[in-house]
Amino acid sequence: MTGLRSWLVRRVLLGAGQTVAVVLLVFALTEALPGDAAVALAGDQPDPGRIAAIRETLHLDRPAHERLAAWAAGLLHGDLGTSLTSGRPVSSYLADGFGPTLLLAALTLLLLVPPAVGLGVLAARHEGRLLDRLISSVTLAVYAVPEFAFGVLLLTVFALRLGWLPPTAVGYGDDLLAHPAALVLPVVVLLSRPVCSLARLVRAGMIEALASPYVAQARRYGIPGARLRYAHALPNALAPAAQQLARTVDWLLCGVIVVEALFVIPGLGTVLMNAVAERDVPVIQGLAVVFGCTAVVLNLGADLGTYRLVPRTAVAA
Amino acid sequence: MYEGPVPDPRFPGLRRRGFLAAAGGVAGLGALALAGCTGPAGDAAEGGGKPRRGGKLRAAFAGGGASETLDPHLANLFADAARAKALFDKLADFGADLAAEPRLAASWEPNAALDRWTVRLRKATFHNGKPVTARDVLYSFRRIADPKKAFRAKASLEPLDLKASRAADEHTVEFALKRPTAEFPNILAAFGAYIVPDGATDFDTKPVGSGPFRFVSFTPGRSAVFRRNDDYWDGAPYLEQLEFLVANEESARLNSLLGGQVEYAHELTPTTARAHEGRGQIEIVRLRNSAMQAFAMKTDRPPFDDKRVREAFFLLTDRKELVDGALSGAGEIGNDLFGKGYEYYADGLPQREQDLDRARHLLKKAGADGLRVTLDTSAVAAGFTESAAIFRDQAAKAGVRVKVAMGSKDSYWQDTLDSGTLCCYRSGAMPIESHFSQRLLSGSTTNATKWHHKDFDALYQQAQSTRNKEDRAAVYARMQRRLYTEGGFLVWGFADWILGTARTVRGVAHRAPANTLDWARFDKVWLA
């Protein structure tokens, strides 16, 4: 167990380093964007006096390293700073946006695993036959469709033509759960690609596992087919899928921007888009910290999961 | 100078009709032009049927995300302005012709020198029951003008000398001005010049205004819910509740309107309008003359420091093709002047037509054969990149090679203010006087055409010292003739502002350019 502990410590330290790197990179990139919050705020009235005044009020006239240092000092006290455009604490932005994004991500994850694993196993069982070819080509085709196009298509058919579902979540605010119908299309769009990629990974892993000597051995012992598949072969097949799942969660948290914009769900993606447009650096930094930490924690979890599923394979730190 | 007509709460349409008639009677050139396109009918009565009380209207706007605030002085976006208009009042606001009409101010009266104006307030109360007084007005204006802050209306209030201004009594404010300002009412109607209670600083938890709606709840970037103010001085709104919702994507606003999730969608595209106009599913409202579309030539540097080159550019433009191509036909052609249809607009000048021969001739005379220019554009506003591409092809016919350069969306306005020689330009509605003072005087802070002419400045000052409106209109006409022949703005069109409403929505003004009083005004709207 000490091996695991030192591995964990190394991983956490590495993760912390990665997060800091991400934040620094994001800060540098935002600085490199043309214009700053004052220019963005001034919009089509770029009165130089007004821009200078805004800059001074926002302390943007201070050099970049000073602003970064002030922000980092606050971060050590758990203070993410305040938004340049509204003066409200960044933490309130994150808190407001986190709920809807988390809800979407959780629902997607919950609904993601059963069909993906089911499809993967099914395809593997019928390897090379019609069903396998059907599943493989459909998953490949759906995977190739961008979310935005898929979303528009579903929206037009199911919300506007048939009128079965609401076209957007406009006006539902925080209480998305009270309007489950509004969640159907976004979740389907979010599911579409990960289900496909995951199913294909499970299929590949399953085929490999079913062909492995230890499954052949188990088969020789007369273990029934279902138990053989789910208790013996599947864990091995899931190891790469678990890694992929962690990446999917990353993507869900960061990449729901398209879905949020299309269906008007006020989550973190929307917060990020607005913050970038407004050059609201503290908010962008706050989001970078949150996304960075999430990515690190999730990958750590996935590695731990792999460790559990397949203890024989050495886990690379 | 102008005494506001007494509003009759039973017939909301009458007050506006009264005002427009009065304006038509006294104004010269500009107001006569206006009669043709504004008509006598009150906009508020449009849409048919008898107004009905009650109901909740949900309106979708593009918003500013989580950084939105209800502070009316910080209003920067259309969504901010619409919310501020529901909660707060200004002393004056702009009619469809961009002439200031009284709101909280019942009347305004200048002294002989036009540098002291006495404003009498009407009887109005804030949502907390306190009357709107001269102290509140002075507090609001001083807050906007605070040198340490950067409120948008600050530049508009610049002519006011707020230190020397005072409250003569509870309901009378005496404004001192730094110089004669005949167009003083425009200052009272400036974008963002809302009246808040004396001492108010916090607007996000419980804003108190004197507007037609009271505050209920607000979540930045998502929703703002207001309810009817039964004591509103201009008559209680018909709607029981009003909710502002934020949807940044045009497709999302349209879809939520089609799906019955909102009853009003702001800012739709011409393509959407064409697809849904007259189909019976939703109503499309086109607000004419809302946005000037132009190319700005920097008149202080080559090649545009030669007025023959500027004239050649005026002449090589096919305006109809630009309106059809870049605005998808949703607009009207321009005549190189700002403010078509507005008060004081010089509509007597001949419409400029494409004349390639003369353009070539002028370029040749100016020694600008085979001219190459860079046209700066960006996806910052609808039609910008399209208009640049169309113009490039038109210019090529006269032997001018235009290189289109794409700029950043978020810093475009500042980038093109001082640099470059030719750029795509757009402007929302404002009085022609404000267009002059903000963009065309030597001291203007956003002078994108670098138009610096002492005699032009002098004409502006002359207009501001002219008490008689017809004489003033004559001076404005002279200034516009000058801009028409050799100005830096190649105004090729005026875009419609397009809204969509559910079929049950009545009373939405059809003749209100964006930024005017009746635009996004919900106290005269009802649900059938």
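What you are looking at is a predicted structure, and each value in this text was computed from that prediction instead of being measured.

Caption draft 1: Just the overall build of chain B, in detail. Secondary structure summary: chain B contains 15 helices and 22 strands in total. What you see for chain B is a C-alpha radius of gyration of 23 Å, in line with the 24 Å of a compact globule of 528 residues. The principal-axis extents of the C-alpha atoms in chain B amount to approximately 70 × 60 × 45 Å. Contacts in chain B between residues far apart in sequence, at least 24 positions, make up 71% of those at least 6 positions apart.

Caption draft 2: The environment of A:Q285, seen in detail. Residue placement: A:Q285 occurs in helix α13 (residues 281-309). The residues contacting A:Q285, other than those within four sequence positions of it, are A:F27, A:L68 and A:W71.

Caption draft 3: Molecular detail of the interface of chain A and chain B. Listed as interface residues are 42 residues of chain A and, on the opposing side, 39 residues of chain B. For the pairing of chain A and chain B, the buried interface totals around 3,200 Å² over both sides, and the portion due to carbon and sulfur atoms is 54%. Where chain A touches chain B, the interface holds 2 salt bridges. The partner of A:R279 in a salt bridge is B:D410, and the shortest N-O contact between them spans 3.1 Å. The element that contributes the greatest number of residues to the side of chain A that touches chain B is helix α3 (residues 48-57) of chain A, accounting for 6 residues.

Caption draft 4: Fine view of the UniProt feature "transmembrane region" (unreviewed entry) in chain A. Residues and elements named next belong to chain A. Under the local residue numbering, the UniProt record ascribes the feature "transmembrane region" (unreviewed entry) to residues 102-122, 134-164, 176-196, 251-277 and 283-302. Span residues 176-196 is 81% helix and 0% strand, its end C-alpha atoms 26 Å apart. Across residues 283-302 one finds 100% helix and 0% strand; the C-alpha atoms that close the span lie 28 Å apart.

Caption draft 5: The arrangement of the UniProt feature "domain: Solute-binding protein family" (unreviewed entry) in chain B in detail. The sites that carry the UniProt feature "domain: Solute-binding protein family" (unreviewed entry) are, in the present numbering, residues 101-431 of chain B. Each end of residues 101-431 of chain B is marked by a C-alpha atom, and these two atoms are 12 Å apart; helix forms 24% of the span and strand 27%.

Caption draft 6: Representation of the confidence of the model for chain A within the structure. Scored by pLDDT, chain A has a mean of 82; 95% of the residues are at 70 or more. In the model of chain A, helix α10 (residues 225-255) of chain A stands out as the element of lowest mean pLDDT, 75, in contrast to helix α6 (residues 130-144) of chain A, which has the highest, 90.

Caption draft 7: Focus on a nonpolar patch on the surface. Together, A:L122, A:L131, A:L134 and A:V138 give the surface a local cluster of nonpolar side chains, amounting to about 310 Å² of exposed area. For the nonpolar patch, the element with the highest residue contribution is α6(A), accounting for 3 residues.

Caption draft 8: Here's a closer look at the nonpolar core. Residues and elements named next belong to chain B. Judged by nonpolar contacts, the single largest core of 111 residues is most densely connected at L91, F141, F175 and F313. Those residues within four positions of F313 in sequence are excluded, and the remaining contacts are M297, F304, L371, V373, F391, V400, L422 and L490. Counting 57 residues, the second largest nonpolar core, distinct from the first, contains A84, A86, L245 and I498.

Caption draft 9: Representation of the pairing of strand β20 (residues 489-501) of chain B in the model. Residues and elements named next belong to chain B. Counting buried residues along β20, 13 of its 13 residues qualify, which places the element largely inside the surrounding structure. Sheet topology note: the strand β14 (residues 264-265)/β20 ladder contains 2 bridges and is antiparallel. Residue A265 lies in a different strand from β20, and its bridge partner there is G500. As defined by bridge partners, strand β15 (residues 283-297) adjoins β20 across 11 bridges and the pair is classed as antiparallel.

Caption draft 10: View of the packing of aromatic side chains. All names here are of chain B. Evaluation of the coordinates by the stated rule reveals 28 aromatic pairs over all chains. When the centroid spacing of 5.9 Å and the interplanar angle of 70° are considered together, the rings of F384 and W413 count as edge-to-face. In this pair, F384 sits in helix α11 (residues 384-397) while W413 sits in helix α12 (residues 412-418), placing the two residues 29 residues apart along the sequence. Given a relative accessible area of 1%, F384 falls into the buried group. Within the aromatic cluster, the residues linked to one another by ring pairs are F61, F226, F244, Y264 and F522. For the cation-ring pair, K90 lies above Y194, with the distance from its terminal atom to the ring centre recorded as 5.5 Å.

Caption draft 11: Focus on the state of the cysteines. Under the counting rule described, the total for this entry stands at 0 disulfides over all chains. In this model B:C423 remains outside any disulfide bridge; the closest cysteine sulfur is found in B:C424, 7.1 Å from its own.

Caption draft 12: Spatial organisation of the pattern of salt bridges. Residues and elements named next belong to chain B. The tally for this structure, following the rule as stated, stands at 44 salt bridges over all chains. A salt bridge links E174 to R166; the shortest N-O distance between them is 3.5 Å. A relative accessible area of 19% places E174 in the buried class. Among the ionic pairs, D336 bridges to R319, the shortest N-O distance being 2.9 Å. Here the residue D336 occupies a position in the loop between β16 (331-333) and α10 (356-365), and R319 occupies one in helix α9 (residues 319-326), the gap between them amounting to 17 residues.

Caption draft 13: Quick peek at helix α14 (residues 454-464) of chain B. Residues and elements named next belong to chain B. Buried within α14 we find F456, D457, L459, Y460, A463 and Q464. Mapping the buried residues of α14 onto a view down its axis gives an arc of 160°, with all of them on the same face. Looking at the buried side of α14, the elements it contacts are α13 (432-439) and α15 (469-486).

Caption draft 14: Structural view of the packing of helix α8 (residues 307-315) of chain B against α10(B). All names here are of chain B. The contact between α8 and α10 brings their axes to 8 Å, and the two run at 160°. Here α8 lies roughly antiparallel to α10, going by the angle between them. For the element pair α8 and α10, the recorded crossing hand is left-handed. Seen from α8, the contacting residues are R308, V309, E311, A312 and L315; seen from α10, they are L356, R358, A359, L362, L363 and K365. Tallied by class, residues from the contact of α8 with α10 come to 7 nonpolar, no polar and 4 charged.

Caption draft 15: Structural detail: the environment of B:F184. If you trace the backbone, B:F184 turns up in helix α5 (residues 184-188). With 25 residues separating them along the chain, B:F184 and B:P159 place their C-alpha atoms 8.7 Å apart.

Calculation notes
All residue numbers here refer to positions counted from 1 along the written sequence of the relevant chain. In the order they appear in the text, chains get letters beginning with A and ligands get numbers beginning with 1. pLDDT decides what is reported in this predicted model: residues at 70 or higher carry local features, side-chain atom pairs at 80 or more are listed and counted, and totals for whole chains, interfaces and linings draw on all residues regardless. As a rule here, side-chain values cover all heavy atoms of the structure and leave hydrogens and water aside. Secondary structure elements follow DSSP: runs of H or I no shorter than four residues count as helices, runs of E no shorter than two count as strands, and numbering proceeds from the N terminus. Two things to know: the radius of gyration comes from C-alpha atoms, and the globule rule equals 2.2 Å times the number of residues to the power 0.38. We call two residues in contact whenever any of their non-hydrogen atoms come within 4.5 Å of each other. A quick way to say it: buried area is the sum, across both parts, of accessible area lost when two parts are put together, with a 1.4 Å probe. Any carboxyl oxygen of Asp or Glu within 4 Å of a side-chain nitrogen of Lys or Arg constitutes a salt bridge here. UniProt positions are given in the numbering used here, feature names are shortened, and annotations may be inferred rather than shown by experiment. On a range of 0 to 100, pLDDT expresses the predictor's confidence in each residue. Residues with no salt bridge and a relative accessible area higher than 30% make up the patches, which join like charges within 9 Å and nonpolar side chains (Val, Leu, Ile, Met, Phe, Trp, Tyr) within 5 Å. Using the Shrake-Rupley algorithm and a 1.4 Å probe, accessible areas are obtained, with residue cover drawn only from the displayed protein chains. Grouping buried Ala, Val, Leu, Ile, Met, Phe, Trp, Tyr and Cys residues that are joined through side-chain atoms within 4.5 Å yields what is termed a nonpolar core. Three exposure classes are used, based on accessible area relative to the maximum for each residue type with a 1.4 Å probe and protein chains only: buried under 20%, partly exposed in between, and exposed over 50%. Between any two strands, at least two bridges found by DSSP are needed for them to pair. Pairing of aromatic rings covers Phe, Tyr and Trp, the last counted by its six-membered ring, and requires centre-to-centre distances within 6.5 Å; plane angles under 30 degrees mean stacked, over 60 mean edge-to-face, and any other angle means tilted. Two conditions define a charge sitting above a ring: the NZ of Lys or the CZ of Arg must be within 6 Å of the ring centre, and it must be within 35 degrees of the ring normal. By definition, disulfides here are pairs of cysteine sulfur atoms that lie within 2.5 Å. The arc in question is the one traced by the directions running from the helix axis out to the C-beta atoms. Comment: axis = line fitted to C-alpha atoms, over the contacting stretch for helices; angle = value between 0 and 180 degrees taken between N-to-C directions. Small angles under 35 degrees read as roughly parallel and large ones over 145 as roughly antiparallel, with 65 to 115 read as roughly perpendicular and the rest as oblique. The sense of a crossing depends on the near helix, which, turned anticlockwise from the far helix by less than a right angle, makes the crossing left-handed and, turned clockwise, makes it right-handed. Only Asp, Glu, Lys and Arg are considered charged in this grouping, and only Ala, Val, Leu, Ile, Met, Phe, Trp, Tyr, Cys and Pro are considered nonpolar; every other residue, Gly among them, is considered polar.

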